[in-house]
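Chain by chain, the residues run as shown.
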Amino acid sequence: MGIQHVVADQGGGDGTGPGTGHYRLTHLRALEAQSIHIFREVAAEFERPVLLFSGGKDSIVMLHLAHKAFWPAPLPFPVLHIDTGRNFEEVLEYRDRHTGQLGVRLLVARVQDDIDAGRTAEKPGESRNRLQTPTLLRAITEGRHDAVFGGARRDEEKARAKERIFSFRDQFGQWDPKNQRPELWSLYNGRHHKGEHIRVFPLSNWTELDVWNYIGAEQIDVPRIYFAHRRQVVQRDGMLMAVTEHLGPEGDEAVFDAMVRFRTVGDADCTGCVESLAETIDLIIEEVAGTRLTERGATRADDRISEAGMEDRKREGYF
């Protein structure tokens, strides 16, 4: 099954009746076309782009779109994973298998390397979410990357809703939400000086529902933890947290079995799951269509640090 390219316009000779021969893109095809245009613009304007790839659904769709943008030529840039060392094993297995099948060059920057080198410090009991920023900035500097594709969407979180598609970062990797460039008529300004770079968000105008509809239409393989399965969990801070090597019960927390799935993929010690019976993409689409809470708001403990937590991290250089 694939996306229909066009739907017929039912207008007439004056644009109101049948038989005009006018066509318009479907919603998903229009989103796809915009994203492919963005990838090609970056390839034309920048020297050393890189695509951030975590093995999560958004980065999977982003890589699929990039593959389409340049097919049959190979992808003209590598993909980069910022590895905290606390990932779900299913996601790491998928990352290696999927990038291998596509024949793309996978770069891995490890947070543990920065901890060992004394470039950052880990606090006991805290997630490594904030520690990803120095590792990401180091990888960008070492790779001399002048454009970095990210899978953020505007519907995820209010700080991400402030982003433009081309988001300027200064020589320290920092973001200033008040200093952004206009993007009238889909014209993107990639001007930057040496040491600066542009974060590029091809999925900015997509929603979670768009992503799942596209995955279903294009029959894209995703990690199995996105589908309902039985798993041991604990209830913590209003969320169900999976019991893994990175997270166990604390105090009087009870471990129990539940049918769950993950709406987003982050570190195993700060990403919750939701009770679900959605074992197929069609059921996931139905489930997502009925919710009014974003995946990050529902299942990411690391986003609950403060009202402006995401914006503060983005100002420092976060994804």
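Before reading on, note that the structure itself is shown above.
Only a predicted model underlies this, so the values are computations on that prediction, with no experimental measurement involved.

Calculation criteria
Residues numbered from 1 in each chain as written. Predicted model: local features only at pLDDT ≥ 70, side-chain atom pairs only at ≥ 80, totals over all residues. Heavy atoms only, no water. Helix = DSSP H or I, 4+ residues; strand = E, 2+ residues; numbered from the N terminus. Areas by Shrake-Rupley, 256 points an atom, 1.4 Å probe, with all protein chains shown as cover. 1 Å grid on protein atoms, 1.4 Å probe; cavity = no way out; pocket = protein on both sides within 12 Å on 5 of 7 lines; lining within 4 Å. Points joined across faces, edges and corners; volume = space filled by probe spheres on them. Nonpolar A, V, L, I, M, F, W, Y, C, P; charged D, E, K, R; others polar. Expected span 1.5 Å × (residues − 1). Buried < 20%, exposed > 50% of the residue type's maximum accessible area, 1.4 Å probe, protein only. Pairing = 2+ DSSP bridges. Phe/Tyr/Trp six-rings, centres within 6.5 Å; stacked < 30°, edge-to-face > 60°. Salt bridge = Lys/Arg side-chain N within 4 Å of Asp/Glu carboxyl O. Polar contact = N/O pair within 3.5 Å; in protein donor to acceptor, adjacent residues only side chain to side chain. Contact = heavy atoms within 4.5 Å. Axes fitted to C-alpha atoms, helices over the stretch in contact; angles between N-to-C directions.

Novice: Just to check I follow, could you spell out the overall build of the protein chain for this structure?
Specialist: Broken down by element type, the protein chain carries nine helices and twelve strands. Split by element, the accessible area of the protein chain, about 15,300 Å² in all, is 51% carbon and sulfur.

Novice: In this structure, what is going on with the layout of surface pockets? I would like to understand it.
Specialist: Rolled over the atoms, a probe sized like a water molecule indicates the empty space that remains. Space inside the second largest pocket adds up to approximately 360 Å³. What lines the second largest pocket is a set of 18 residues, and nearest its centre among them are R144, H145, K194, G195 and E196. Broken down by element, the lining of the second largest pocket gets its largest block of residues, three residues, from helix α5 (residues 132-143). When its residues are assigned to classes, the lining of the second largest pocket shows three nonpolar, eight polar and seven charged.

Novice: How should I be thinking about helix α1 (residues 27-45) in this particular structure?
Specialist: Along an α-helix, a turn takes 3.6 residues, which lines up residues three or four apart on a common side. Between the first and last C-alpha of α1 there are 27 Å, a value that for 19 residues agrees with the 27 Å anticipated at 1.5 Å per step. Those residues of α1 not exposed but buried are L28, R29, L31, E32, Q34, S35, I36, I38, F39 and V42.

Novice: Please clarify how unusual backbone geometry should be interpreted in this entry.
Specialist: Backbone geometry follows two general trends: most residues other than glycine have a negative phi, and most peptide bonds adopt the trans configuration. For the peptide bond that leads from W71 to P72, omega is 10°, which places it in the cis range. Among the structural elements, P72 can be located in the loop between α2 (57-70) and β4 (79-83). For R144, which is not a glycine, the phi torsion comes out positive at approximately 55°. Inspection of the secondary structure puts R144 in the loop between α5 and β6 (147-149). A relative accessible area of 58% means that R144 is categorised as exposed.

Novice: Explain the pairing of strand β8 (residues 197-200) here, please?
Specialist: Where a strand is regular, its side chains alternate between the two sheet faces. Of the two faces of β8, the one carrying H197 and R199 and the one carrying I198 and V200 are both buried. Where β6 and β8 come together, three bridges link them in parallel fashion. Bridge pairing in β8 links V148 to R199.

Novice: Can you help me understand the packing of aromatic side chains in this one?
Specialist: The description of an aromatic ring pair rests on the distance of the ring centres and on the angle between the ring planes. Applying the stated criterion to the full structure yields nine aromatic pairs. Relative to Y188, the ring of F166 lies with its centre 5.0 Å away and its plane at 20°, an arrangement referred to as stacked. Pair noted here: F166 is in strand β7 (residues 166-169) and Y188 is in the loop between β7 and β8, with a separation of 22 residues, a long-range link. Assigned by exposure class, F166 and Y188 land together as buried. Chaining the aromatic ring pairs together yields one cluster made of F39, F70, F77 and F149.

Novice: Quick question: what am I supposed to make of the pairing of strand β12 (residues 272-275) here?
Specialist: Bridge analysis of strand β10 (residues 239-242) against β12 gives two bridges, and the strand direction is antiparallel. Counted as the bridge partner of M241 is G272 from β12. Pairing geometry for strand β11 (residues 256-261) and β12, over two bridges, is antiparallel. From the neighbouring strand, R261 faces β12, where its bridge partner is V274.

Novice: So what exactly am I meant to see when it comes to the pattern of salt bridges here?
Specialist: A side chain of one charge can pair with a side chain of the opposite charge if their charged atoms are brought near each other. A full pass over the atoms with the stated rule returns 21 salt bridges. Among the ionic pairs, R231 bridges to E90, the shortest N-O distance being 2.7 Å. Here R231, found in strand β9 (residues 229-236), pairs with E90, found in helix α3 (residues 89-102); they are 141 residues apart in sequence, far enough to count as distant. Judged by its relative accessible area of 13%, R231 is buried.

Novice: Please explain the side chain of R231 as it appears in this structure.
Specialist: A polar side-chain atom of R231 sits 2.7 Å from a polar atom in the side chain of E90. In terms of polar contacts, R231 uses its side chain to reach the side chain of H229, at 2.9 Å. Apart from the residues within four sequence positions on either side, R231 is in contact with F88, E90, I225, A242, T244, F256, D257, A258, V260 and F262.

Novice: Sorry if this is basic, but what is going on with the sheet that holds β4 here?
Specialist: Strand pairing in a sheet relies on backbone hydrogen bonds. The paired strands run either parallel or antiparallel. The six strands lie next to each other as β5-β4-β3-β6-β8-β7, forming an open sheet whose pairing is mixed. Across the chains shown, the open sheet's two edge strands, defined by having one partner strand only, are β5 (106-110) and β7. Strand-to-strand twist of the sheet, defined as the mean angle between neighbouring strand axes without regard to direction, takes the value 30°. Along the sheet, α2 makes contact with β3 (49-52), β4 and β6, crossing β3 at roughly 140°. Across the sheet, α5 is in contact with β3, β4, β5, β6 and β8; its angle to β4 comes to roughly 150°.

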